[in-house]
Amino acid sequence: PKERRTGDLPDEVRNLLYALKIKLLAMKAKLESISTEDGQIVLRVFQGMQFDRTKLAPFLKEGIRIGVTQLRLPVRKGWQGLLEEVVRGVLT
């Protein structure tokens, strides 16, 4: 195969790098898991922990539902950026 020297990264590589970035952010934010359920992305904290609703209040306008131990955001256009913002919001 011809060696790629310039240009954009293939989608597969971009997706892998994004997944690694989110995993690292999730670890720093002490999230137990990030998964999909019923067409939503679900973030969960470890047992005994809970989400700080005050810190995450700005995201409620985005259709995000925040419970005590889980946070749900809709999968829609631009979900990757929103997920990253939310995970960073959990960190602050």
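**Comments concerning unusual backbone geometry**
Alright, step 1. Of note in this structure, Lys30 is not a glycine but carries a positive phi near 60 degrees.
Alright, step 2. Its place among the elements puts Lys30 in the loop between α1 (11-28) and β1 (31-37).
Alright, step 3. With a phi close to 50 degrees, Asp38 is a non-glycine residue in the positive phi region.
Alright, step 4. Along the chain, Asp38 turns up in the loop between β1 and β2 (40-45).

**Observations concerning the nonpolar core**
Alright, step 1. The biggest cluster of nonpolar side chains holds 21 residues, and the ones touching the most others in it are Leu31, Leu43, Phe51, Ile64, Leu71, Leu73 and Leu83.
Alright, step 2. Looking at this core, the elements that each hand over two or more residues are α1, β2, β4 (70-74) and α3 (79-91).
Alright, step 3. Here this core takes 5 residues from α3, the largest share from any one element.
Alright, step 4. Residues contacting Leu83, with those up to four places away along its chain left out, are Tyr18, Ile22, Ile34, Ile41, Leu43 and Leu73.

Calculation notes
- Residues numbered from 1 in each chain as written.
- Predicted model: local features only at pLDDT ≥ 70, side-chain atom pairs only at ≥ 80, totals over all residues.
- Heavy atoms only, no water.
- Helix = DSSP H or I, 4+ residues; strand = E, 2+ residues; numbered from the N terminus.
- Core = buried A, V, L, I, M, F, W, Y, C linked by side-chain atoms within 4.5 Å.
- Buried < 20%, exposed > 50% of the residue type's maximum accessible area, 1.4 Å probe, protein only.
- Contact = heavy atoms within 4.5 Å.

Read these as spatial facts, not as claims about activity.
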